[in-house]
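# Observations on chain architecture
Read off the chains here:
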Amino acid sequence: MSIQEFKPVKEGKVREVYDNGGSLIIVATDRISAFDVILKNEITKKGTILTKMSEFWFDFTKDIVPNHMISTKTADMPAFFQNERFDGKSMKCKKLDMLPVECIVRGYITGSGWESYQKNGTVCGIKLPEGLKESDKLPEPIYTPTTKADLGLHDEHITFEDSVDILEKLHPGKGAAYAGQIKDYTIELYKKCAEYAQSKGIIIADTKFEFGLDENGVVVLGDEMLTPDSSRFWPVEGYEPGKSQPSFDKQFVRDWLKQNPDSDYLLPEEVIGRTIDKYKEAYELLTGKKFA
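Now for a description of the structure that goes with this document. What you see is a predicted model; the values in this text were computed from it and never measured.

### Some words on the packing of helix α5 (residues 251-259) against helix α6 (residues 269-287)
Helix packing for two helices is described by the angle between their axes and how far apart those axes are. Two elements in contact, α5 and α6, have axes separated by 9 Å at closest approach and are oriented at 155°. Comparing their axes, α6 and α5 come out roughly antiparallel. Residues F252, V253 and W256 of α5 lie in contact with α6, whose contacting residues are V271, R274 and T275. Here the residues of the contact of α5 with α6 are counted per class, giving four nonpolar, one polar and one charged.

### Observations regarding the pattern of salt bridges
In this structure the tally under the stated criterion is 15 salt bridges. For D229, the salt bridge identified is with K46, shortest N-O distance 2.8 Å. Taken together, the positions of D229 in the loop between β15 (219-222) and β16 (231-235) and K46 in helix α1 (residues 46-60) put the pair 183 residues apart, joining distant regions of the chain. Exposure remark for K46: the relative accessible area of 0% places this residue in the buried category. Between K208 and D223 there is a salt bridge, with its nearest N and O atoms 2.9 Å apart. One end of the pair, K208, is in strand β14 (residues 202-213); the other, D223, is in the loop between β15 and β16, with 15 residues separating them in the sequence. Ionic contacts of the salt-bridge type, sharing partners, join the residues E102, K208, E210 and D223 into one network.

### Describing the sheet that holds strand β1 (residues 10-11)
Taken together, the five strands give an open sheet; going across it, the order is β1-β2-β3-β7-β6, and neighbouring strands pair in antiparallel fashion. Looking at the sheet topology across the chains shown, the edges are occupied by β1 and β6 (69-71). On top of the sheet, α1 reaches β2 (15-19), β3 (23-28), β6 and β7 (90-94); it is set at about 40° to β7, its chief contact.

### Focus on the environment of L285
Structurally, the position occupied by L285 is in helix α6. If we skip the residues at most four places from it in the chain, L285 touches K200, I202 and F248.

### Examining the pairing of strand β5 (residues 37-42)
The sheet contact formed by strand β4 (residues 31-34) and β5 spans three bridges and is antiparallel. Residue pairing for β5: A34 is matched across the bridge by V37. The turn joining β4 and β5, which pair antiparallel and follow one another in sequence, is formed by two residues; a positive phi near 55° is taken by F35.

### Some remarks on the packing of aromatic side chains
Inspection of the entire model under this criterion finds 20 aromatic pairs. Consider the rings of F6 and F80, whose centres lie 5.7 Å apart with planes at 40°: the pair is tilted. Highlighted residues: F6 in the segment before β1 and F80 in the loop between β6 and β7, separated in sequence by 74 residues. Seen from their ring centres, W57 and Y196 are 5.8 Å apart, and the 90° between their planes marks the pair as edge-to-face.

### What to know about the state of the cysteines
Counted according to the given criterion, the structure contains zero disulfides. C103 takes part in no disulfide bond, and the closest cysteine sulfur to it belongs to C124, at a distance of 13 Å. Given a relative accessible area of 0%, C103 falls into the buried group. The structure places no disulfide on C193, whose sulfur is separated from the nearest cysteine sulfur, that of C103, by 14 Å.

### As for a negative patch on the surface
On the surface, E161, D162, D165 and E168 cluster together into a patch of negative charge. Relative to the helices and strands, E168 resides in helix α3 (residues 160-170).

### Structural notes on the environment of S230
If you trace the backbone, S230 turns up in the loop between β15 and β16. For S230, a relative accessible area of 9% gives the class buried. Spatially, the C-alpha atoms of S230 and K208 are 6.0 Å apart, while their sequence positions differ by 22 residues. With residues up to four places along the chain from it excluded, the contact list for S230 reads D206, T207, K208, E224 and M225. Here the side chain of S230 touches S231 through a polar contact of 3.4 Å, side chain to side chain.

Criteria and thresholds
Residues numbered from 1 in each chain as written. Predicted model: local features only at pLDDT ≥ 70, side-chain atom pairs only at ≥ 80, totals over all residues. Heavy atoms only, no water. Axes fitted to C-alpha atoms, helices over the stretch in contact; angles between N-to-C directions. Helix = DSSP H or I, 4+ residues; strand = E, 2+ residues; numbered from the N terminus. Parallel < 35°, antiparallel > 145°, perpendicular 65-115°, else oblique. Contact = heavy atoms within 4.5 Å. Nonpolar A, V, L, I, M, F, W, Y, C, P; charged D, E, K, R; others polar. Salt bridge = Lys/Arg side-chain N within 4 Å of Asp/Glu carboxyl O. Buried < 20%, exposed > 50% of the residue type's maximum accessible area, 1.4 Å probe, protein only. Pairing = 2+ DSSP bridges. Phe/Tyr/Trp six-rings, centres within 6.5 Å; stacked < 30°, edge-to-face > 60°. Disulfide = S-S within 2.5 Å. Patch = residues over 30% accessible without salt bridge, like charges linked within 9 Å, V, L, I, M, F, W, Y side chains within 5 Å. Areas by Shrake-Rupley, 256 points an atom, 1.4 Å probe, with all protein chains shown as cover. Lys, Arg positive; Asp, Glu negative; His and termini not counted. Charge placed at Lys NZ, Arg CZ, Asp CG, Glu CD. Polar contact = N/O pair within 3.5 Å; in protein donor to acceptor, adjacent residues only side chain to side chain.

The following block contains the structure:
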C-alpha cells in the first residue's frame with residue numbers, strides 16, 4: 001500500500017505547514033533565520049527543541065487561552081510523517097484563521113527598543129520613564145504589535161489603534177474586541193511565563209505570540225510559543241543592567257553576523273555548536289527535562 005505524499009502548503013523561514021484535511025501538521029525545521037534572512041547553515045536538532053518547548057508552554061498556559069496543539073506524536077499523524085525526518089519536529093494542530101498581527105511584548109528594554117529609547121525616550125511610540133539603562137526591567141510589560149509580513153519582507157511596528165483598524169477590515173464589527181483580546185492575552189501570558197522562567201534561572205526579556213480564530217470565532221493561541229527563536233532569554237545569574245546580556249537565544253547568531261558583515265550568512269561550526277548548546281540549556285532549565 002503506497003503512502004500518501006504530502007507537500008507543504010506554506011513555508012516560512014523556519015516552519016513548513018502541511019494540510020491534513022481537518023488539521024494541520026506544522027514542522028519546525030533545523031533552519032535558522034536572522035534579520036529576516038534564512039541562513040545557509042542548519043542547526044542540528046533545533047527543530048526538535050522548538051517543538052518540545054512550544055509543547056511545554058502550550059500545556060502550561062492552557063488555563064489562560066486555548067491553543068492549537070493537538071499532538072506532537074507522529075503516531076497520531078499520517079504515515080508520511082512517521083519517520084526520522086519528522087519525528088520530534090512535528091505538531092498536529094487545529095486549523096485557525098490567523099490574525100495578521102504579531103503580538104510582541106517587552107518586559108525589558110533591549111535591542112531595537114533600546115535604540116529607540118536612546119533617541120527619543122520612547123519604544124514604538126510608547127513614552128517610557130527617564131533614566132532607564134540598557135537591559136533594565138520596565139515598570140510594566142509593554143505591548144508593541146507589528147504587522148505579519150510575508151516571507152522576505154520586514155514586519156512593521158504598528159500602534160494598538162492600527163491593530164484595531166487591521167482587524168476591523170477583516171472582521172467588521174469585531175476588530176476592537178479581537179484587538180483587545182489578543183493584547184490582554186499577550187500581557188497575561190507573558191506575566192505568567194516570565195515569573196515561572198525567572199524561578200528557573202531565565203529572564204524572558206521579550207517575546208511574540210500569534211493568535212487565530214477557530215470555527216466558532218474564538219481566539220486561539222497558535223504558531224510557536226516562547227522558543228529561543230521567538231524570544232530573548234537571558235540568564236538570571238549575572239544579570240546586570242547597563243549593558244547587553246548574554247543570551248540563550250539566537251541573539252548570539254545575530255551578534256556574530258553583525259561582527260562579521262562579510263559572512264554571506266554562513267556560520268562557522270563553532271557558532272552552530274554554541275547556538276544549539278544554548279537552545280538545549282534553555283530547554284532543560286525551563287522544563288526540568290534532559291534533552292535526549
